[in-house]
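Residue-level structure breakdown
Now for the letters of each chain:
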Amino acid sequence: MLDKLTKESFEPLKGSVFTVRLGEETTLPLELIVVAGNGLRGTASREQFSLHFRGHATPALVQRTYRLEHAQFGALEIFLVPIRRDADGMIYEAVFT
């Protein structure tokens, strides 16, 4: 399913919250704050794009694939990379090529 998603798939969801499933009963909210394309075509014949999510400062997630859940998409397995901490929390990036 991930190969079918595009930047346009996520743009209406900017500002909405995804839930990261860390275990059977442990979840963390991540707000989608940036949807950005770079104009280049990737291997999936779509524009390459990235998503930035903001989460709480702690606990900080490590770089790996997480199960993110959203009412519109259901569950998605997305590789997240922590890229910076700011006054409002931790920022994570997912890149789609």
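Refer to the preceding data block for the structure.
Structure report, in brief. (Residues numbered from 1 in each chain as written. Predicted model: local features only at pLDDT ≥ 70, side-chain atom pairs only at ≥ 80, totals over all residues. Heavy atoms only, no water.)

**A word on the pairing of strand β3 (residues 47–55)**
Burial within β3 is extensive, with seven of its nine residues counted as buried. As paired elements, β3 and strand β6 (residues 89–96) share seven bridges and run antiparallel to each other. Considered in β6, the bridge of leucine 51 is made with alanine 94. (Buried < 20%, exposed > 50% of the residue type's maximum accessible area, 1.4 Å probe, protein only. Helix = DSSP H or I, 4+ residues; strand = E, 2+ residues; numbered from the N terminus. Pairing = 2+ DSSP bridges.)

**Looking at the nonpolar core**
Of all hydrophobic cores here, the largest spans 23 residues; its most connected members are Phe10, Leu51, Phe53 and Leu80. Of all the secondary structure elements, the ones that give two or more residues to this core are β1 (17–21), β2 (27–41), β3, β4 (64–70), β5 (74–86) and β6. (Core = buried A, V, L, I, M, F, W, Y, C linked by side-chain atoms within 4.5 Å.)

**Regarding the packing of aromatic side chains**
For the structure shown, the criterion picks out five aromatic pairs. A centroid spacing of 5.9 Å and a plane angle of 40° characterise the contact between phenylalanine 10 and phenylalanine 49, whose relative ring orientation is tilted. Highlighted residues: phenylalanine 10 in helix α1 (residues 7–10) and phenylalanine 49 in strand β3, separated in sequence by 39 residues. By the burial criterion, phenylalanine 10 is buried, and phenylalanine 49 matches it. Each ring, one from phenylalanine 49 and one from phenylalanine 96, has its centre 4.5 Å from the other, and the planes form 5°; the classification is stacked. Highlighted residues: phenylalanine 49 in strand β3 and phenylalanine 96 in strand β6, separated in sequence by 47 residues. (Phe/Tyr/Trp six-rings, centres within 6.5 Å; stacked < 30°, edge-to-face > 60°.)

**Here we look at the environment of serine 45**
With respect to the secondary-structure elements, serine 45 resides in the loop between β2 and β3. By relative accessible area, which is 64% here, serine 45 ends up exposed.

**Re the pattern of salt bridges**
Opposite charge on two side chains allows them to pair when their charged atoms are near. A full pass over the atoms with the stated rule returns six salt bridges. The residue lysine 7 makes a salt bridge to glutamate 47 at a minimum N-O spacing of 3.6 Å. With lysine 7 in helix α1 and glutamate 47 in strand β3, this residue pair connects regions lying 40 residues apart in the sequence. Look at lysine 7 and you get buried, because its relative accessible area is 16%. The exposure class assigned to glutamate 47 is buried, which follows from its relative accessible area of 18%. Salt bridges sharing common partners tie together Arg21, Arg67, Glu69 and Glu77. (Salt bridge = Lys/Arg side-chain N within 4 Å of Asp/Glu carboxyl O.)

**Looking at the pairing of β1**
Only one face of β1 is buried: it carries Phe18 and Val20, and the other face, with Val17, Thr19 and Arg21, is open. Sheet topology note: the β1/β4 ladder contains three bridges and is antiparallel. Its bridge partner being in β4, threonine 19 is matched across the sheet by glutamate 69.

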